[in-house]
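# An overview of the molecular structure
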Amino acid sequence: MKQGLPLYLAGSVMVLALLIKAPALRRGWDQPLMRAVCALLVVGCLLTFLAAPPSLAAVNELTGVVNFAAPLVYGVLTAFSGASIVLILHWAGGPAAQLRRATWVTVGVFGAVTVLIVALFVIGDAPVERLRDLDTYYANTPWLREMIVCYLLAHTAGSAAMSLLCLKWMLRVDPALRPLRTGLALLMLGGVMDLGYLVAKWLAVGARWAGHDWDGLSTYVAPPLASAAALLVGTGFIVPMVGGSAAWRDFSQYRRLRPLWKALRGFAHRSVATVPLTWWSPVGIRLIHRESVIDDGLLALAGWFDPAVRSAAYGAARRQGLSERGAADVADAAMLADACRVRAAAEGAGAPAAFPADPSPCRPDGHPLAALARE
């Protein structure tokens, strides 16, 4: 069990991704993208759990066929490579006819390779059970040699294609879509680790063909790389799913508004600022409460805004090379900070508060101190 722990961990990440996406999959099963996500996650879960040595031994014992787990894992791995490419194609989008054609070509090619792997195992001879070094042990055995080459070629093509597609897409995706960019970066890193796994496998098998013994590359170097790749790929698919959800967007906005909320909560009316929140209050309710405190604090300070402070700060920011939007954010922050300071000093001296007659100094597209509300 300890030997398979990294793969079981990666499989658990895949299961988590499947559970997160399950409601959307159920609602959007008629969409090709949803079906591609489901196929990839199911095949990925199956692959990571099956590829662990304890699982290999259990499959062989259950079926009563020596090394039966080998073509099973190789076939599932080939299917995962094809499913990864199909998902990336649909994820990136494009003309429907072109996507449909590319999907069928990918499914046909990788499906044929999967069938070929099983057929080669059936006509080959693998009498000795090998859980960790089957690739090198049978590297020169007729038909099994061809089976190993088929799975390595298919997996190399799938991993390289997925990495290149992720790179191509990441270069043109909107930088504001950070969860998607992060997911693509993790997928690329997983692809690089997977290519490292494949390099170790190819070198070890090639060394066997040349009469050398580099089995350690396949037995000890490749498995950790495969586990890391599976974990990164699973995480790479989870991040856009979670990061693009409404709850995550609410949480991100709630977190970004914290500096502005801290600056203004002291000026908000007590009826708004002290509304109790329980520890189980959902993030959507917390966001509404925080925004209410901010709005109330801004109204309380509106009569204390000094347009001259904003104008001076804006001019200084522009002279330092900031863009118009960036300079406006800095100017709003300076104006609000000045209003907070002056209002607090006046209250400390016992002066009456100015009534917020006109909040016009606030920009119509957002609150003052908008720069603190964004990352």
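It should be emphasised that the depicted structure is a prediction, and the values quoted were computed from it without experimental measurement.

### Considering the overall build of the chain
If you tally the helices and strands in the chain, you get 15 helices and 0 strands. The buried share among the 375 residues of the chain stands at 44%. At a minimum sequence separation of 6, the contacts of the chain that also span at least 24 residues come to 73%. Total accessible area computed for the chain in this model is approximately 19,100 Å², and 67% of it derives from carbon and sulfur atoms.

### Details of the nonpolar core
Taken as a class, soluble globular proteins show a tendency for nonpolar side chains to be buried jointly. Ranked by internal contacts, the top residues of the largest apolar core, which has 61 residues, are M147, Y151 and L187. Of all elements in the fold, only α1 (5-27), α2 (32-50), α3 (53-63), α4 (69-92), α5 (96-123), α7 (144-172), α8 (178-209) and α9 (215-243) reach the threshold of two or more residues within this core. Here this core gets 14 residues from one element, more than from any other, and that element is α4. Ignoring sequence-local partners within four residues, the contact set of L187 consists of I88, W91, M162, C166, V233, G236 and F237. Of all hydrophobic cores here, the second largest spans 21 residues; its members include Y254, V293, A300 and L301.

### Let's talk about the environment of W143
Looking at the secondary structure, you find W143 in the loop between α6 (134-137) and α7. With relative accessibility at 42%, the residue W143 sits in the partly exposed group. A sequence separation of 22 residues divides W143 from F121, and the C-alpha atoms of the two residues are 6.9 Å apart.

### Overview of a nonpolar patch on the surface
On the surface, a cluster of nonpolar side chains totalling about 390 Å² of accessible area is made up of V118, V122, I123 and W143. In this fold, V118 is placed in helix α5. You can call V118 partly exposed: its relative accessible area is 40%.

### What to know about the pattern of salt bridges
Side chains carrying opposite charge are able to pair once their charged atoms draw close together. Here the structure, examined in full by the defined rule, presents 7 salt bridges. Close ionic contact of D133 with R130 constitutes a salt bridge, the shortest N to O distance being 2.7 Å.

### A closer look at the confidence of the model for the chain
Low pLDDT means the predicted atomic positions in that stretch should not be read closely. When pLDDT is averaged across the chain, the result is 81; 85% of the residues are at 70 or more. Ranking the elements of the chain by mean pLDDT puts helix α12 (residues 270-273) last, at 55, and α6 first, at 92. Taken together, the stretch residues 354-375 has pLDDT below 50 and engages in 48 contacts with residues farther than four places along the chain or on a different chain.

### Looking at the packing of α5 against α7
Two elements in contact, α5 and α7, have axes whose closest approach is 8 Å; the angle formed by their N-to-C orientations is 160°. One finds that α5 runs roughly antiparallel with respect to α7. Classified by chirality, the crossing of α7 by α5 is left-handed. Within the contact between the two elements, α5 uses F110, V113, L116, I117, L120 and F121 and α7 uses L144, E146, M147, C150, Y151, A154 and G158. Among the residues forming the contact of α5 with α7, the class breakdown is 11 nonpolar, 1 polar and 1 charged.

### Describing the packing of aromatic side chains
Within this structure, the stated rule accounts for 2 aromatic pairs. Relative to Y151, the ring of Y74 lies with its centre 3.9 Å away and its plane at 5°, an arrangement referred to as stacked. With Y74 in helix α4 and Y151 in helix α7, the pair connects residues that are 77 residues apart, well separated along the chain. You can call Y74 buried: its relative accessible area is 8%. Geometrically, the ring pair formed by Y137 and Y138 is edge-to-face, given 4.9 Å between the ring centres and 80° between the ring planes. The class for Y137 is partly exposed, based on a relative accessible area of 36%. Judged by its relative accessible area of 4%, Y138 is buried. Over the ring of Y137 we find R130; its NZ or CZ atom is 4.3 Å from the centre of that ring.

### Concerning α8
Relative to the 46 Å expected for 32 residues at 1.5 Å per residue, α8 spans 46 Å between its end C-alpha atoms, a close match to the ideal helical length. Of the residues trailing α8, G211 is marked for its positive phi of about 90°.

### Some words on unusual backbone geometry
Positioned with a positive phi, N67 is a non-glycine residue whose angle comes to about 65°. Relative to the helices and strands, N67 resides in the loop between α3 and α4. Unlike most non-glycine residues, W143 shows phi in positive territory, near 70°.

### Considering the packing of α7 against α8
One way to put it is that α7 packs onto α8 with a least axis distance of 9 Å and a crossing angle of 155°. One way to sum up the angle between α7 and α8 is to call them roughly antiparallel. In terms of crossing hand, the pair formed by α7 and α8 is left-handed. Taken together, the residues of the contact of α7 with α8 sort by class into 23 nonpolar, 5 polar and 4 charged.

Reading the values: rules and limits
- Residues numbered from 1 in each chain as written.
- Predicted model: local features only at pLDDT ≥ 70, side-chain atom pairs only at ≥ 80, totals over all residues.
- Heavy atoms only, no water.
- Helix = DSSP H or I, 4+ residues; strand = E, 2+ residues; numbered from the N terminus.
- Buried < 20%, exposed > 50% of the residue type's maximum accessible area, 1.4 Å probe, protein only.
- Contact = heavy atoms within 4.5 Å.
- Areas by Shrake-Rupley, 256 points an atom, 1.4 Å probe, with all protein chains shown as cover.
- Core = buried A, V, L, I, M, F, W, Y, C linked by side-chain atoms within 4.5 Å.
- Patch = residues over 30% accessible without salt bridge, like charges linked within 9 Å, V, L, I, M, F, W, Y side chains within 5 Å.
- Salt bridge = Lys/Arg side-chain N within 4 Å of Asp/Glu carboxyl O.
- pLDDT = per-residue confidence, 0-100.
- Axes fitted to C-alpha atoms, helices over the stretch in contact; angles between N-to-C directions.
- Parallel < 35°, antiparallel > 145°, perpendicular 65-115°, else oblique.
- Left-handed = near helix turned anticlockwise from the far one by under 90°.
- Nonpolar A, V, L, I, M, F, W, Y, C, P; charged D, E, K, R; others polar.
- Phe/Tyr/Trp six-rings, centres within 6.5 Å; stacked < 30°, edge-to-face > 60°.
- Lys NZ or Arg CZ within 6 Å of the ring centre and 35° of its normal.
- Expected span 1.5 Å × (residues − 1).

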